[in-house]
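Notes for the structure review
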Amino acid sequence: MNLRSIAPDDVPAPAKLFLVGVVFNGIGNGIFNVVMQLYFASIGISSATLGSILMMNALSAAMLTIPMGVVADRYGKKRLMYVCAGSLIVAVPLLLLTKSVLMFKLAFLSIGVSNAAAVVFSPIYSSFFDKGEMDKAFGFYFALNIATTSLGSLLGFIPPLLVGRFGFSLSSSYWSFLAFGAVFFVSQNFFYLLAMRDYKESEAGNGFSFNLASKDLVFKISLIQLLSAVSVGVFFSLFPFYVNRKFGLESDALGGLFFVSNLFSAGAQVLSSRVSNRLGSLRTIAVAFGLAAPFYLLIPLAPSFAWLSAFYVMRLSFATMAAPLLSSTLMRDLGEEERATANSVRMMAMQCGGVVGPWLGGALMERVSLEFPAFVGGGLYAAMAALTFLMLRRARPVAVVGPVPAVDAPMEGPLPADSPMLFDE
């Protein structure tokens, strides 16, 4: 594949350093996504308790994302990068050095603070490129994040290897692999901070205020983002737990599935700008979610892991096709002084959905059945396709830049790259 067909023509040195951080982030996320829930299950944590732990991340992020965005636009984005790094460093020992549910919840609250501060990621990254390069820049950003997440997932064969050849217990093998992933999470911050050495802050406004001129477009997208996050979180936030309980599979099988599905997803995101040029962003996201819904609904009906894997790959490929378009259109169409604030509203909506989804999914798995949350999420996907069109068809179109037509703003897919530590799918 010709890299120039999917990457910006000019990638400045700070952007390259930033993307190295994205690589470390992806590998760390891939490792954690494969083994974290299996580790919790191995030490006796139930689905309901697991859901209550996972929601702490989204809870603190939901409360803090908008304030973080306002602070970033008014007082500087560099400072929030230090908050992002520090909160993540605090969370790691709480997660690895205890087996207390309370400490796990505190760790995830701290991770949520870090994810809230990461509202500056998209605005900072967008500052490295011209407006005409935004779609390529964000398409490459998201694709790189997913490709490296796939690489981290593929390493899921290591815990069973530690058990079979080196006599580790299942729990200790998962813990060791989590510690390995934590090295990548901590290290990513070094590259982000290096990328910002020469970053020029925009002029600060007059004091602390909510500066958002494009309210209608931003809030409509954010409402759809919230509903989408619920539809994903109600089942896929607990997907490793589900697969382990239903099919008895461990991290090697999950790692293989995540590796393949994320590669398909990365390819879909690379193609997203080409598809949107033909259909428009609004039609792209509506069609993509409409096509993803049947595969979501088929997952709980899968008679084997092979069929489940096929449905999972198809659903994720369609659902993530529009993921980079939301960030690119928002960042391109907004002024520098309101980008972090607008992005914080979008991320806050996503995090609110992340609070509801895992909690609801865990409760439904324990009180109804393992499969029921998937039917809830699939039904929401189908509703999302229609709702996206109905809510955004009259939204203000973005300005025409280069070959990109004036289109309605799309909805982001389920695997955003705006946060330094995601536990999504």
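Fair warning: this is a prediction, and the values are worked out from it, not measured in the lab.

What counts, and at which threshold
- Residues numbered from 1 in each chain as written.
- Predicted model: local features only at pLDDT ≥ 70, side-chain atom pairs only at ≥ 80, totals over all residues.
- Heavy atoms only, no water.
- Helix = DSSP H or I, 4+ residues; strand = E, 2+ residues; numbered from the N terminus.
- Buried < 20%, exposed > 50% of the residue type's maximum accessible area, 1.4 Å probe, protein only.
- Contact = heavy atoms within 4.5 Å.
- Areas by Shrake-Rupley, 256 points an atom, 1.4 Å probe, with all protein chains shown as cover.
- Axes fitted to C-alpha atoms, helices over the stretch in contact; angles between N-to-C directions.
- Parallel < 35°, antiparallel > 145°, perpendicular 65-115°, else oblique.
- Left-handed = near helix turned anticlockwise from the far one by under 90°.
- Nonpolar A, V, L, I, M, F, W, Y, C, P; charged D, E, K, R; others polar.
- Core = buried A, V, L, I, M, F, W, Y, C linked by side-chain atoms within 4.5 Å.
- Patch = residues over 30% accessible without salt bridge, like charges linked within 9 Å, V, L, I, M, F, W, Y side chains within 5 Å.
- Salt bridge = Lys/Arg side-chain N within 4 Å of Asp/Glu carboxyl O.
- pLDDT = per-residue confidence, 0-100.
- Expected span 1.5 Å × (residues − 1).
- Arc of directions from axis to C-beta.

The number of helices and strands found in the chain is 16 helices and zero strands. The buried share of the chain, reckoned over its 425 residues, is 59%. The long-range fraction of contacts in the chain, counting pairs at least 24 apart against all pairs at least 6 apart in sequence, stands at 86%. Entry remark: accessible area of the chain is about 15200 Å², with carbon and sulfur atoms responsible for 68%.

Packing of helix 2 (residues 47-75) against helix 4 (residues 101-117) brings their axes to within 7 Å, and their N-to-C directions diverge by 30 degrees. Relative to helix 4, helix 2 is oriented roughly parallel. For the crossing formed where helix 2 meets helix 4, the hand is right-handed. Packed against helix 2, whose contacting residues are Thr 49, Ser 52, Ile 53, Leu 54, Met 56, Asn 57, Ser 60, Ala 61, Leu 64, Thr 65 and Met 68, the element helix 4 presents Val 101, Phe 104, Lys 105, Phe 108, Leu 109, Ile 111, Gly 112, Val 113, Asn 115, Ala 116 and Ala 117 at the interface. Among the residues making up the contact of helix 2 with helix 4, the classes are represented as 14 nonpolar, seven polar and one charged.

What follows deals with the nonpolar core. Of all hydrophobic cores here, the largest spans 67 residues; its most connected members are Phe 40, Phe 108, Phe 235 and Phe 239. Here this core takes ten residues from helix 1 (residues 13-42), the largest share from any one element. Setting aside chain neighbours within four positions, we find Phe 40 in contact with Ile 45, Leu 50, Ile 53, Leu 95, Phe 104 and Phe 108. Membership of the second largest hydrophobic core comes to 33 residues, among which are Met 68, Leu 80, Phe 128 and Phe 142.

What follows deals with a nonpolar patch on the surface. Together, Phe 157, Leu 161, Val 163, Phe 166, Phe 168 and Leu 170 make up a nonpolar patch on the protein surface, roughly 510 Å² of accessible area in all. It is helix 7 (residues 158-166) that contributes the most residues to the nonpolar patch, three residues altogether. Locating Leu 161 in the fold gives a position in helix 7. When its relative accessible area of 30% is taken as the criterion, Leu 161 is described as partly exposed.

A separate point is the confidence of the model for the chain. Across the chain, the average pLDDT comes to 81, with 82% of residues at or above 70. Within the chain, no element has a lower average pLDDT than helix 14 (residues 323-333), which sits at 60, and none a higher one than helix 8 (residues 170-195), at 95. Per-residue pLDDT stays below 50 along residues 396-419; that stretch engages in 98 contacts with residues further than four places along the chain or on separate chains.

Between its first and last C-alpha atoms helix 3 (residues 77-96) spans 30 Å; for 20 residues at 1.5 Å apiece the expected length is 28 Å, and the two agree. Listed in full, the buried residues belonging to helix 3 are Lys 77, Leu 80, Met 81, Cys 84, Ala 85, Ser 87, Leu 88, Ala 91, Val 92, Leu 95 and Leu 96. The arc enclosing the buried residues of helix 3, seen along the axis, measures out at 170 degrees, which places them on a common side. Seen from the buried face of helix 3, the exposed residues on the opposite side, beyond 90 degrees, are Arg 79 and Tyr 82.

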